[in-house]
Amino acid sequence: MPHSSLHPSIPRPRGHRAKKAAFVLLSTCLAALWELGEPADHILRWLVLHLASEQLGLLFKGLCSLAEEMCHVHSRYQGSYWRAVRACLGCPIRCGALLLLSCYCYTFLPNTAGLPFAWIVALLGLSQALNILLDLQGLAPSVVSTICEQRNFNVAHGLAWSYYIGYLRLILPGLQARICTYNQRHNNTARGAGSCKLYILLPLDCGVPDNLSEADPNIRFLHKLPDQSADRAGIKGRVYTNSIYEILENGKPVGTCILEYATPLQTLFAMSQDSRAGFSREERLEQAKLFCQTLADILADAPDSQNCRLIVYLEAEGSSFSLSQEILKHLKQEEKEEVTVGTLGPSGVPEPSTLDQEPQLLISGMDQPLPLRTDVF
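Parameters at a glance
- Residues numbered from 1 in each chain as written.
- Predicted model: local features only at pLDDT ≥ 70, side-chain atom pairs only at ≥ 80, totals over all residues.
- Heavy atoms only, no water.
- Patch = residues over 30% accessible without salt bridge, like charges linked within 9 Å, V, L, I, M, F, W, Y side chains within 5 Å.
- Areas by Shrake-Rupley, 256 points an atom, 1.4 Å probe, with all protein chains shown as cover.
- Salt bridge = Lys/Arg side-chain N within 4 Å of Asp/Glu carboxyl O.
- Helix = DSSP H or I, 4+ residues; strand = E, 2+ residues; numbered from the N terminus.
- Buried < 20%, exposed > 50% of the residue type's maximum accessible area, 1.4 Å probe, protein only.
- Pairing = 2+ DSSP bridges.
- Axes fitted to C-alpha atoms, helices over the stretch in contact; angles between N-to-C directions.
- Contact = heavy atoms within 4.5 Å.
- Expected span 1.5 Å × (residues − 1).
- Disulfide = S-S within 2.5 Å.
- Core = buried A, V, L, I, M, F, W, Y, C linked by side-chain atoms within 4.5 Å.
- Phe/Tyr/Trp six-rings, centres within 6.5 Å; stacked < 30°, edge-to-face > 60°.

(A) Focus on a nonpolar patch on the surface. On the surface, Trp-119, Leu-123, Leu-126, Leu-130, Leu-133, Leu-134 and Leu-136 cluster together to form a nonpolar patch covering roughly 760 Å² of accessible area. Mapping Leu-130 onto the fold places it in helix α6 (residues 117-134). By relative accessible area, Leu-130 is classed as partly exposed at 40%.

(B) Spotlight on the pattern of salt bridges. Enumeration according to the criterion identifies 6 salt bridges in this entry. A salt bridge links Arg-309 to Glu-334, with the shortest nitrogen-to-oxygen separation between them at 2.5 Å. Taken together, the positions of Arg-309 in strand β7 (residues 308-313) and Glu-334 in helix α13 (residues 323-343) put the pair 25 residues apart, joining distant regions of the chain. Of the two residues, Arg-309 and Glu-334, both sit in the buried class. The shortest N-O distance in the salt bridge between Glu-326 and Lys-329 comes to 3.4 Å. Here Glu-326 pairs with Lys-329, and both are found in helix α13, just 3 residues apart, close to one helical turn. The class for Lys-329 is partly exposed, based on a relative accessible area of 46%.

(C) Region of the structure containing the environment of Thr-189. Mapped onto the elements, Thr-189 comes out in the loop between α9 (175-185) and β1 (198-203). Along the chain, Thr-189 and Thr-256 lie 67 residues apart, while their C-alpha atoms are 7.8 Å from each other.

(D) Seen up close, the sheet that holds strand β6 (residues 252-261). A sheet is described by the order of its strands in space; here 5 strands give the open sequence β2-β5-β6-β1-β7, paired in mixed fashion. In this open sheet, the two edge strands, each paired with only one partner strand, are β2 (219-224) and β7. Strand-to-strand twist across the sheet, computed as the mean angle between neighbouring axes with direction ignored, equals 40°. Docked against the sheet, helix α8 (residues 155-171) engages β1 and β6, running at close to 155° with respect to β1. Most of the contacts of helix α12 (residues 281-300) go to β7, to which it runs at about 160°, and overall it touches β1 and β7.

(E) Fine view of helix α2 (residues 40-69). Compared with the 44 Å implied by 1.5 Å per residue over 30 residues, the 43 Å span of α2 between its first and last C-alpha is a close match. Taken residue by residue, α2 has Leu-49, Ala-52, Ser-53, Leu-56, Gly-57, Leu-59, Gly-62, Leu-66 and Glu-69 as its buried positions.

(F) Region of the structure containing the state of the cysteines. As enumerated under the stated definition, the model contains 0 disulfides in all. For the unlinked cysteine Cys-206, the closest cysteine sulfur is that of Cys-292, found at 8.1 Å. Classification of Cys-206 as buried rests on a relative accessible area of 1%.

(G) Spotlight on unusual backbone geometry. Positioned with a positive phi, Asn-250 is a non-glycine residue whose angle comes to about 60°. Along the chain, the position of Asn-250 falls in the loop between β5 (243-249) and β6. Accessibility expressed as a relative area gives 76% for Asn-250, which makes it exposed. Even without being glycine, Asp-304 reaches a positive phi, approximately 65°. Note on placement: Asp-304 falls in the loop between α12 and β7.

(H) Main features of the pairing of β1. Taken across its 6 residues, β1 has 6 buried, putting it largely inside the fold. Burial along β1 is two-sided: the face carrying Leu-198, Ile-200 and Leu-202 and the face carrying Tyr-199, Leu-201 and Pro-203 are both buried. Sheet topology places β1 next to β6; 4 bridges connect them, and they run parallel. In the strand pairing of β6, Leu-201 is matched with Tyr-261. In this sheet, β7 lies alongside β1 in parallel orientation, the contact comprising 6 bridges. From the neighbouring strand, Ile-200 faces β7, where its bridge partner is Leu-310.

(I) Up close: the nonpolar core. In terms of nonpolar packing, the biggest core is built from 55 residues, with Leu-168, Phe-291 and Ile-327 touching the most fellow members. When near neighbours in sequence (up to four residues on either side) are disregarded, Ile-327 contacts Leu-201, Ile-219, Ile-247, Cys-257, Leu-259 and Ile-311. In terms of nonpolar packing, the next biggest core, distinct from the first, is built from 11 residues, Leu-56, Cys-88, Leu-89 and Cys-95 among them.

(J) Representation of the packing of aromatic side chains. Summed over the entire model, instances satisfying the criterion amount to 6 aromatic pairs. Taking 6.2 Å as the distance between ring centres and 50° as the angle between the ring planes, the aromatic pair formed by Tyr-163 and Phe-291 counts as tilted. Taken together, the residues Tyr-163 in helix α8 and Phe-291 in helix α12 connect sequence positions 128 residues apart. For the residue pair Tyr-163 and Phe-291, the accessibility class agrees, reading buried in each case. Taking 5.1 Å as the distance between ring centres and 15° as the angle between the ring planes, the aromatic pair formed by Tyr-313 and Phe-321 counts as stacked.

Take a look at the structure:
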């Protein structure tokens with residue numbers, strides 16, 4: 001199953017397999033009709049007639065939707081009736097062309113059933129009315145999910161962009177300067193490649209405690225970074241602060257890092273606990289995965305994204321998961337990547353520097369010194 005590089009349980013965006021399956025279905029049906037020995041012109045006439053019937057039925061469905069939207073013209077469409085019509089019926093040229101095609105098919109194509117045109121139109125209207133009243137053509141959950149992902153209608157999409165624009169984009173550019181100030185005051189406590197980044201914890205179950213020591217006693221609060229303040233949305237000198245934690249292993253400190261949870265996951269958890277939000281546990285898990293993937297996509301093209309690292313994890317019930325060990329794994333990986341980048345040259349091959357080497361004396365084995373000029377030979 002295709003999945004994201006952040007975590008095995010995070011799916012990638014949907015592809016075009018539905019269209020490929022439709023093409024296979026098209027080929028199968030054409031082969032079946034060919035085996036039945038039906039004339040090609042007969043198949044084409046019935047296909048056009050059926051498509052015209054479907055489009056005419058969709059036109060009736062759009063007219064029923066228009067009756068509702070007309071009551072919301074001023075609040076939803078800024079008083080424009082034309083926008084309301086386009087929202088329900090689509091492009092007017094397309095609707096007119098489909099209506100003319102339907103009339104042509106029912107008028108000029110041979111009517112083998114012998115039914116009058118008015119009777120067929122009434123039957124289409126009756127079927128669409130029953131579809132709306134009984135919800136016989138409701139969208140499948142996978143279709144709704146696909147539409148929301150393609151058009152960025154998900155709750156997770158808005159939360160991810162709000163988290164980046166309203167928080168990460170403000171603090172990441174000045175993070176290194178704040179770390180330098182902190183190290184000057186605390187004897188280089190936050191040293192090393194792993195300590196110079198903001199590590200954002202992203203639990204997929206949205207369990208975000210306010211105290212990290214409650215999640216794992218091997219994570220111990222150490223200090224606060226120097227505050228960063230900025231005027232934001234009418235708030236003068238709004239303060240942004242980050243915390244430095246010490247990671248313990250066997251009771252001994254083995255690493256320090258700037259650590260925090262992504263607060264929008266706390267919002268998702270609160271929504272799933274409030275019945276007014278209509279947010280189930282399964283929907284919360286799906287939105288948490290989409291939040292992580294959307295945030296990673298945003299940071300992939302963002303400046304100063306190298307100043308943060310995402311830690312996505314899912315604590316399964318009954319497992320021996322350790323959050324401190326997961327953080328340590330990322331710290332070691334970060335330091336390993338830093339060492340690899342620092343020791344490799346542009347071509348990816350280690351290049352020893354001649355400036356850092358001790359000077360060496362080159363002693364000739366000849367008895368007599370040679371002149372500096374070479375033209376004397």
